[in-house]
Amino acid sequence: MNLIRKEVEKCESLSGFFIIMSMAGGTGSGLGAFVTQNLQDQYSSALKMNQIIWPYGTGEVIVQNYNSILTLSHLYRSSDALLVHENDAVHKICVKLMNIKQVSFCDINQVLAHQLGSVFQPTYSGEGLFHYRRNPLGDLMENLVPHPEFKMLGVRNIPQMSENSLAYSTFTWAGLLKHLRQMLISNAKMEEGIDWQVRPPLSGLPPLGKMSVNKETHFNTSIANLVILRGKDVQSADVGAFKDPALYTSWLEPVHAFSVWKTQRAFRKYEKSAALVSNSQSLVKPLDMIVGKAWNMFASRAYLHQYTKFGIEEEDFLDSFTLLEQVIASYCNL
């Protein structure tokens, strides 16, 4: 914390902290949650966003579900927003879109860096094409986190492909944005395998029922979306389809729920590219799975001794389950 304080003192104006961490990996998750809590205690007025790596569903560590619920519940109390990257989704992008046969940690980190860069590289502020945003972290949270109960964000990118494929590809803004919108509403993490059967509910009609975490195909309701466009002819891109009220929860007007950032500067070697940062129901199912697996282990008291010997009591687990069950219920009821 002393090192952080020295860095903060060098800042002319501190907008916030961006904390990059694992969600399930013991030291990374525990230490990350601890540091975030300390930052909240010492810099309560500064924004805090945690970029967290969601573990593989098949599991790398036997206690990863315990670590995950403890980490998420602590971060939900001390962080302003959680930017989530799922290992399974990133791995699939490496295999399906980047054509990588043997996926390494380096390959996964390349995709993660691409996704973060597509969001945080400079873009113009809304006033015009003359001034870059000075506070992208604050702008991001202002656009995407209108309520403290809903702070889980996901990123989607289009196009994403190997350099070999890129050399033979051309893109239009209309095509890119049509695919990106369908990725959003069908909860697809990449453009390959999009379910085109999913449609928004008809405007003016109530949805047929609340979201079920077990239902396979479901319309992915959003709270807020931010589209970031980079590249040639960016001013001609029509984002009107993302302003459809049917995409959003009823308690937020689309004018407040949707934002777009633009720059004509291309990102990496893509002539045209789009990123979507979304606060939606997309993480309900993976969160429910982690909570369910952790609860099954907890009910049989499996591996609890590894935590109780370091002072974590059963009540701490129960508090975590209670908080995350409430988060799941809130997102399901959008």
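Criteria and thresholds
Residues numbered from 1 in each chain as written. Predicted model: local features only at pLDDT ≥ 70, side-chain atom pairs only at ≥ 80, totals over all residues. Heavy atoms only, no water. UniProt positions renumbered as here; feature names shortened; annotations may be inferred. Helix = DSSP H or I, 4+ residues; strand = E, 2+ residues; numbered from the N terminus. Rg over C-alpha atoms; globule rule 2.2 N^0.38 Å. Buried < 20%, exposed > 50% of the residue type's maximum accessible area, 1.4 Å probe, protein only. Contact = heavy atoms within 4.5 Å. Areas by Shrake-Rupley, 256 points an atom, 1.4 Å probe, with all protein chains shown as cover. Axes fitted to C-alpha atoms, helices over the stretch in contact; angles between N-to-C directions. Parallel < 35°, antiparallel > 145°, perpendicular 65-115°, else oblique. Nonpolar A, V, L, I, M, F, W, Y, C, P; charged D, E, K, R; others polar. 1 Å grid on protein atoms, 1.4 Å probe; cavity = no way out; pocket = protein on both sides within 12 Å on 5 of 7 lines; lining within 4 Å. Points joined across faces, edges and corners; volume = space filled by probe spheres on them. Pairing = 2+ DSSP bridges. Salt bridge = Lys/Arg side-chain N within 4 Å of Asp/Glu carboxyl O.

- You'll find the protein entered in an unreviewed UniProt entry as Tubulin delta chain, with Bos taurus given as the organism.
- The UniProt entry for the protein carries the following comment under Function (unreviewed entry): "Acts as a positive regulator of hedgehog signaling and regulates ciliary function."
- Heading Subunit (unreviewed entry) of the UniProt record for the protein holds this comment: "Found in a complex with TEDC1, TEDC2, TUBE1 and TUBD1."

**Re the overall build of the protein**
Here comes step 1: Per the secondary structure count, the protein includes 12 helices and 7 strands.
Here comes step 2: On C-alpha atoms alone, the protein measures out to a radius of gyration of 20 Å, which is about the 20 Å that the 2.2 N^0.38 rule sets for 334 residues.
Here comes step 3: Across its three principal directions, the C-alpha atoms of the protein cover 60 × 55 × 45 Å.
Here comes step 4: Within the span of the protein, comprising 334 residues, buried residues form 50% of the whole.
Here comes step 5: Intrachain contacts of the protein at a sequence separation of at least 6 include 80% that bridge at least 24 residues.
Here comes step 6: Surface exposure of the protein reaches about 16800 Å², of which carbon and sulfur atoms provide 54%.

**Here we look at the packing of helix α4 (residues 87-96) against helix α5 (residues 105-120)**
Here comes step 1: Orientation of α4 relative to α5, taken along the N-to-C sense of each, is 100°, at an axis distance of 9 Å. With respect to each other, α4 and α5 are oriented roughly perpendicular. Counted together, Asn87, Val90, His91, Ile93 and Cys94 of α4 and Asp107, Ile108, Val111, Leu112 and Gln115 of α5 form the full contact between these two elements.
Here comes step 2: In terms of residue class, the contact of α4 with α5 is built from 6 nonpolar, 3 polar and 1 charged.

**Focus on empty space enclosed by the protein**
Here comes step 1: Counted by the stated rule, this structure contains 2 cavities of 30 Å³ or more.
Here comes step 2: One number sums up the size of the largest cavity: a volume of about 150 Å³.
Here comes step 3: Every residue lining the largest cavity is counted, 13 residues in all, and those nearest its centre are Val84, Glu86, Ala89, Val155 and Lys189.
Here comes step 4: At the level of secondary structure, the elements contributing two or more residues to the lining of the largest cavity comprise β3 (81-86), α4 and β4 (152-158).
Here comes step 5: Grouping the amino acids of the lining of the largest cavity by side-chain chemistry returns 6 nonpolar, 4 polar and 3 charged.
Here comes step 6: Put simply, the second largest cavity is a space of about 40 Å³.
Here comes step 7: Of the residues assigned to the lining of the second largest cavity, the class counts are 5 nonpolar, 1 polar and no charged.

**Notes on the pairing of β3**
Here comes step 1: Of all 6 residues in β3, 6 are buried, a share of seventy percent or more.
Here comes step 2: Residue alternation in β3 divides its side chains into two sets, Ala81, Leu83 and His85 and Leu82, Val84 and Glu86, and both sets are buried.
Here comes step 3: Summarising the sheet, strand β2 (residues 47-54) and β3 pair through 6 bridges and their orientation is parallel. When the sheet's bridge partners are listed, tryptophan 54 is paired in β3 with glutamate 86.

**Re the pattern of salt bridges**
Here comes step 1: Counting across every chain of the model gives 9 salt bridges.
Here comes step 2: A salt bridge links glutamate 9 to arginine 5; the shortest N-O distance between them is 3.1 Å. Note that glutamate 9 and arginine 5 are positioned in helix α1 (residues 2-10) at a spacing of 4 residues, about one turn of the helix.
Here comes step 3: A residue is classified by how much of its surface remains accessible, and glutamate 9, at 56% relative accessible area, is exposed.
Here comes step 4: For arginine 5, a relative accessible area of 33% corresponds to the partly exposed category.
Here comes step 5: Between aspartate 244 and arginine 181 there is a salt bridge whose closest N-O contact spans 3.4 Å. Residue aspartate 244 is located in the loop between β5 (222-231) and α9 (254-257), and its partner arginine 181 is located in helix α8 (residues 173-186); the two are separated by 63 residues in the primary sequence.
Here comes step 6: Using a relative accessible area of 21% as the deciding quantity, one classes aspartate 244 as partly exposed.
Here comes step 7: When its relative accessible area of 17% is taken as the criterion, arginine 181 is described as buried.
Here comes step 8: Several salt bridges share partner residues, and in doing so they unite Lys232, Glu271 and Lys272 into one network.

**Side note on the sheet that holds strand β1 (residues 16-22)**
Here comes step 1: Pairing within the open sheet is mixed, and its 7 strands lie in the order β1-β2-β3-β4-β7-β5-β6. Either end of the sheet is taken by a strand with one partner, and the two such strands are β1 and β6 (258-263). Strand after strand, the sheet turns through a mean of 20° between neighbouring axes, direction not considered.
Here comes step 2: Examined bridge by bridge, β1 and β2 share 7 bridges and lie parallel to one another. Bridge pairing links glycine 16 to leucine 47 in β2.
Here comes step 3: Across the face of the sheet, helix α2 (residues 27-42) comes into contact with β1 and β2 while running at roughly 165° to β1.

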